[in-house]
Amino acid sequence: MSAVAPSTTSASGGAATSNNNNAQFNFFKMCIGRPVVVKLNNGVEYRGILEVVDGNMNIVMEQTEEYLNGQLKTKYGDCFLRGNNVLYISAQSKK
């Protein structure tokens, strides 16, 4: 299973924005404790187990690996990613 977090923007605002927020909440709730890929605006990817996501897209992961251009660069135990740097979060199949 692979899924990507839905967009936060809505052209009309209102109810569509509320539905997007609910969809995001459900997506992140489903991903807690599961493997995810988080891609940052600078192209770096982090792969690990999602532990926490807040309303600002700040992310806490465990068993995190950092990839640049598809190559493993560093392994971290725990990792905190600031939400304003996140391009997307993709859910991965359980290992």
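Residues numbered from 1 in each chain as written. Predicted model: local features only at pLDDT ≥ 70, side-chain atom pairs only at ≥ 80, totals over all residues. Heavy atoms only, no water.

The name that an unreviewed UniProt entry assigns to the protein chain is LSM domain-containing protein, with the source organism given as Cavenderia fasciculata. Taken verbatim from the UniProt record of the protein chain, the Sequence similarities (unreviewed entry) comment is "Belongs to the snRNP Sm proteins family. SmF/LSm6 subfamily." (UniProt positions renumbered as here; feature names shortened; annotations may be inferred.)

(A) How the structure looks around the side chain of E45. Within the secondary structure, E45 is located in strand β3 (residues 45–53). A polar side-chain atom of E45 sits 3.1 Å from a polar atom in the side chain of R47. When residues no more than four places from it in sequence are discounted, the contact partners of E45 are V37, V38, K39, E65, E66, Y67 and Y88. (Helix = DSSP H or I, 4+ residues; strand = E, 2+ residues; numbered from the N terminus. Polar contact = N/O pair within 3.5 Å; in protein donor to acceptor, adjacent residues only side chain to side chain. Contact = heavy atoms within 4.5 Å.)

(B) Fine view of the nonpolar core. Within the largest apolar cluster, 17 residues are counted, with the highest numbers of intra-cluster contacts made by V36, V38, Y46, I59, M61, L81 and I89. For this core, the secondary-structure elements that each account for two or more residues are α1 (14–31), β2 (35–40), β3, β4 (59–68), β5 (71–81) and β6 (86–91). (Core = buried A, V, L, I, M, F, W, Y, C linked by side-chain atoms within 4.5 Å. Buried < 20%, exposed > 50% of the residue type's maximum accessible area, 1.4 Å probe, protein only.)

(C) Representation of the pattern of salt bridges within the structure. Inspection of every chain in the model, using the stated rule, returns two salt bridges. Between E45 and R47 there is a salt bridge; the shortest N-O distance is 3.1 Å. The exposure class assigned to R47 is partly exposed, which follows from its relative accessible area of 31%. In this structure, K75 and E65 form a salt bridge, with 3.9 Å as the shortest nitrogen-oxygen distance. Taken together, the residues span a long stretch of sequence, with K75 in strand β5 and E65 in strand β4 at a distance of 10 residues. (Salt bridge = Lys/Arg side-chain N within 4 Å of Asp/Glu carboxyl O.)

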